[in-house]
Amino acid sequence: MNSGASFEIDLSVYPLEAVLRASYWLADQAVVSLRDLPPGRLLVDVRAHSGVSAEAVCERLQTALIDFAIRVDVERQTQELRTLIWRTAFAEVAGTGRT
């Protein structure tokens, strides 16, 4: 029988995109289900695969949430710079030299 555990996430702390990425990252260890809880919270239900502890997966998920929340934040902060780099690179390849 698969073990299960649940916990809540505050979406003002962790963006939904980070929650989804972290959940997918642990898909080889558990099935993660999400359910809206008002106001601005999610219930995370973890059903661990055979031989894996749901509590251990919850701990990994909570740690991964911090990692993925930082990644989402960095992506947002650097989006304009990354777009400029891509435009410059493609302009050079196309021979226009313009951005």
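Before reading further, recall that the structure is shown in the block above.
A. Structural context of the overall build of the chain. Check the secondary structure of the chain and you find two helices and three strands. Along the chain, helices (α) and strands (β) appear in the sequence β-α-β-β-α when read from the amino end. The principal-axis extent of the C-alpha atoms belonging to the chain is close to 60 × 35 × 20 Å. With 99 residues in all, the chain has 26% of them scored as buried. Taking the contacts inside the chain whose residues are at least 6 apart along the sequence as the reference set, 63% of them involve residues at least 24 apart.

B. Looking closely at helix H1 (residues 16–25). For H1, every residue scored as buried is listed here: Ala 18, Val 19, Ala 22 and Ser 23. All buried residues of H1 lie within an arc of 130 degrees about the axis, which places them on one face of the element. Looking at H1, the residues exposed on the side facing more than 90 degrees away from the buried face are Tyr 24 and Trp 25. Residues of H1 that are buried sit in contact with strand S1 (4–10), strand S2 (30–37), strand S3 (41–48) and helix H2 (54–94).

C. Layout of the nonpolar core. In this structure, Phe 7, Ile 9, Ala 22, Val 44, Val 46, Leu 61 and Leu 65 are the most contacted members of the largest nonpolar core, which totals 21 residues. Those elements that provide at least two residues to this core are S1, H1, S3 and H2. Ranked by the residues each element gives to this core, the list is headed by H2, at nine residues. Not counting chain neighbours up to four residues away, the residues in contact with Leu 65 comprise Phe 7, Ile 9, Tyr 14, Ala 18, Val 19 and Ala 22.

D. Fine view of the side chain of Ser 23. Relative to the assigned elements, Ser 23 resides in helix H1. Since its relative accessible area comes to 10%, Ser 23 is described here as buried. Not counting residues up to four positions away in its chain, the partners in contact with Ser 23 are Val 32, Leu 34 and Leu 61.

E. Layout of the sheet that holds S1. If you trace the three strands from one edge of the open sheet to the other, you get S1-S3-S2, paired in antiparallel fashion. Two strands lie at the open edges of the sheet, namely S1 and S2, each paired on one side alone. Adjacent strand axes in the sheet meet at a mean angle of 20 degrees, parallel and antiparallel pairs treated alike. Of the pairings in the sheet, the one linking S1 to S3 comprises seven bridges and is antiparallel in character. For Ile 9, the partnering residue across the bridge sits in S3 and is Leu 42. Each of S1, S2 and S3 is contacted by H1, which is oriented at about 160 degrees to S2, the strand it contacts most. This element, H2, spans S1, S2 and S3 of the sheet and lies at about 20 degrees to S1.

F. Summary view of the packing of aromatic side chains. Using the criterion set out here, one finds two aromatic pairs in the structure. For the ring pair Trp 86 and Phe 90, a centre distance of 5.4 Å and an interplane angle of 20 degrees mean the geometry is stacked. Pair noted here: Trp 86 and Phe 90 are both in helix H2, with a separation of four residues, about one helical turn. Owing to a relative accessible area of 55%, Trp 86 belongs among the exposed residues under this scheme. Its end group placed over the ring of Phe 68, Arg 71 keeps NZ or CZ at 5.3 Å from the ring centre.

Thresholds applied
- Residues numbered from 1 in each chain as written.
- Predicted model: local features only at pLDDT ≥ 70, side-chain atom pairs only at ≥ 80, totals over all residues.
- Heavy atoms only, no water.
- Helix = DSSP H or I, 4+ residues; strand = E, 2+ residues; numbered from the N terminus.
- Buried < 20%, exposed > 50% of the residue type's maximum accessible area, 1.4 Å probe, protein only.
- Contact = heavy atoms within 4.5 Å.
- Arc of directions from axis to C-beta.
- Core = buried A, V, L, I, M, F, W, Y, C linked by side-chain atoms within 4.5 Å.
- Pairing = 2+ DSSP bridges.
- Axes fitted to C-alpha atoms, helices over the stretch in contact; angles between N-to-C directions.
- Phe/Tyr/Trp six-rings, centres within 6.5 Å; stacked < 30°, edge-to-face > 60°.
- Lys NZ or Arg CZ within 6 Å of the ring centre and 35° of its normal.

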